[in-house]
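# Remarks on the overall topology
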Amino acid sequence: MTTAKIIALAGSLRKDSYNQLLIQAAANYALESGAEVEVVKLRDLDIPMFDEDLEAQGTPQGVQLLKEKLRNADGILLASPEYNGSFTAALKNAIDWASRTEQGAVPAFRNKVVALYATSPGGLGGLRGLNHVRDVLSGIGSLVLADQLAVPSAFNTFDEQGKIKDPDLAEKVSNLALQLVSVASKLK
Ligand SMILES: Cc1cc2nc3c(=O)[nH]c(=O)nc-3n(C[C@H](O)[C@H](O)[C@H](O)COP(=O)(O)O)c2cc1C
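Computed from a prediction, not measured in an experiment: that's the story for all the values here. (Residues numbered from 1 in each chain as written. Predicted model: local features only at pLDDT ≥ 70, side-chain atom pairs only at ≥ 80, totals over all residues. Heavy atoms only, no water.)

### With respect to the overall build of the protein chain
Helix and strand content of the protein chain: seven helices and seven strands. The secondary structure elements of the protein chain, listed N-terminal to C-terminal, are β-α-β-α-α-α-β-β-β-α-β-α-β-α. Here the C-alpha atoms of the protein chain give a radius of gyration of 16 Å, agreeing with the 16 Å that 2.2 N^0.38 yields for 188 residues. Within the protein chain, the proportion of its 188 residues that are buried is 47%. Taking the intrachain contacts of the protein chain between residues at least 6 apart in sequence as the baseline, contacts between residues at least 24 apart amount to 79%. Split by element, the accessible area of the protein chain, about 9,500 Å² in all, is 48% carbon and sulfur. For the protein chain, the separation between the mean place of its 19 positive charges and that of its 22 negative charges on side chains is 2 Å. (Helix = DSSP H or I, 4+ residues; strand = E, 2+ residues; numbered from the N terminus. Rg over C-alpha atoms; globule rule 2.2 N^0.38 Å. Buried < 20%, exposed > 50% of the residue type's maximum accessible area, 1.4 Å probe, protein only. Contact = heavy atoms within 4.5 Å. Areas by Shrake-Rupley, 256 points an atom, 1.4 Å probe, with all protein chains shown as cover. Lys, Arg positive; Asp, Glu negative; His and termini not counted. Charge placed at Lys NZ, Arg CZ, Asp CG, Glu CD.)

### Comments concerning the UniProt feature "domain: NADPH-dependent FMN reductase-like" (unreviewed entry) in the protein chain
Following the UniProt record, one finds the feature "domain: NADPH-dependent FMN reductase-like" (unreviewed entry) at residues 5-154. As annotated, residues 5-154 comprises 39% helix and 24% strand, and the C-alpha atoms at either end are separated by 28 Å. (UniProt positions renumbered as here; feature names shortened; annotations may be inferred.)

### Quick word on the site of the ligand
The environment of the ligand is formed by 13 residues, the closest being S12, S17, N19, E82 and S120. Note that an oxygen atom of the ligand is positioned 3.0 Å from one of the backbone N or O atoms of Y18. At a separation of 2.9 Å, an oxygen atom of the ligand approaches a polar backbone atom of G85. (Near = heavy atom within 4 Å. Polar contact = N/O pair within 3.5 Å; in protein donor to acceptor, adjacent residues only side chain to side chain.)

### A short note on the pairing of strand β7 (residues 143-151)
Relative to β7, strand β6 (residues 113-119) is paired through six bridges, and the arrangement is parallel. Its bridge partner being in β7, T119 is matched across the sheet by V151. As a crossover connection, the stretch from β6 through helix α6 (residues 127-139) into β7 is right-handed. (Pairing = 2+ DSSP bridges. Right-handed = clockwise from strand over helix to strand, strands pointing away.)

### A few points about the pattern of salt bridges
In the structure shown here, the tally under the stated rule is nine salt bridges. The closest approach of N and O atoms between E38 and K69, which form a salt bridge, is 2.7 Å. Of the two residues, E38 sits in strand β2 (residues 36-40) while K69 sits in helix α4 (residues 61-72), which places them 31 residues apart along the sequence. Residue classification places E38 among the partly exposed positions, given a relative accessible area of 34%. Notably, a salt bridge pairs E102 with R71, separated by 3.0 Å at the nearest N-O pair. Here E102, found in the loop between α5 (89-98) and β6, pairs with R71, found in helix α4; they are 31 residues apart in sequence, far enough to count as distant. What makes E102 partly exposed here is its relative accessible area of 34%. Connected through salt bridges with shared partners, the residues E52, E55 and R100 form a single ionic network. (Salt bridge = Lys/Arg side-chain N within 4 Å of Asp/Glu carboxyl O.)

### Considerations on unusual backbone geometry
Most peptide bonds take the trans form, and the phi angle of most residues other than glycine is negative. Phi angles above zero are rare outside glycine, and D46 is one such case at about 50°. Positionally, D46 belongs in the loop between α2 (42-45) and α3 (52-56).

### Examining empty space enclosed by the protein
On inspection of all chains with the given rule, the structure shows one cavity of 30 Å³ or more. Within this model, the largest cavity holds a volume of roughly 70 Å³. For the lining of the largest cavity, the elements supplying multiple residues, two or more each, are α4, β3 (75-79) and α5. When residues of the lining of the largest cavity are assigned to their parent elements, the largest contribution, three residues, is made by α5. Partitioning the lining of the largest cavity into residue classes produces ten nonpolar, no polar and no charged. (1 Å grid on protein atoms, 1.4 Å probe; cavity = no way out; pocket = protein on both sides within 12 Å on 5 of 7 lines; lining within 4 Å. Points joined across faces, edges and corners; volume = space filled by probe spheres on them. Nonpolar A, V, L, I, M, F, W, Y, C, P; charged D, E, K, R; others polar.)

### Things to note about the packing of helix α1 (residues 18-32) against helix α7 (residues 167-187)
Look at α1 against α7: their axes get within 8 Å of each other, and the N-to-C directions meet at 60°. On the basis of their axis angle, the class for α1 and α7 is oblique. Here α1 runs over α7; the crossing is right-handed. Contacts between α1 and α7 pair L22, A25, A26, Y29 and A30 from the former with A170, V173, S174, A177, L178 and V181 from the latter. Partitioned by chemical class, the residues of the contact of α1 with α7 number ten nonpolar, one polar and no charged. (Axes fitted to C-alpha atoms, helices over the stretch in contact; angles between N-to-C directions. Parallel < 35°, antiparallel > 145°, perpendicular 65-115°, else oblique. Left-handed = near helix turned anticlockwise from the far one by under 90°.)

And the structure:
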């Protein structure tokens, strides 16, 4: 079984994003298991708001980069913040851009195995948003794992170094990351 290539991404543009911390933790576990892992920060890609007129002028550099990374990956670790019961506009915007297919190219999300995570300060941990992101990604050909993890009380979850404080939670984060690596490696 060859090892999977994984990209880890959070749907937040915020510098101190809890979801970025969560997906970094998941990425570390995937890396320890032997997978090739790259953490991508949406903020660094500087993706403009999708507009077909803008698209007609050429694909922005950050979008090209994201599409390349997605096409090269077998699996995606995705942490999705919840805004008003759904996922963020920033993540939807990135998905919309990346879902556009050039002539002859493989759709960027097609056949990617996805593990969904969320965290929020609230009691449901962003669970409601995950239903929406699951629906959208499944609709564009991704294979979203049935298991997912929503972590409540985000402000209590990480220590000053950004590490998960509770060992039981860390194990859950790890288990889902390892499941993604295992399934993505088998389907590679
Ligand atoms: C516009 C807006 C709407 C929000 N709606 C929700 C919500 O529906 N459920 C929730 O749990 N948190 C909600 N929050 C709080 C976010 O979960 C919180 O800001 C979180 O830290 C965002 O994730 P991040 O830290 O990764 O950026 C909302 C925040 C904003 C700015």
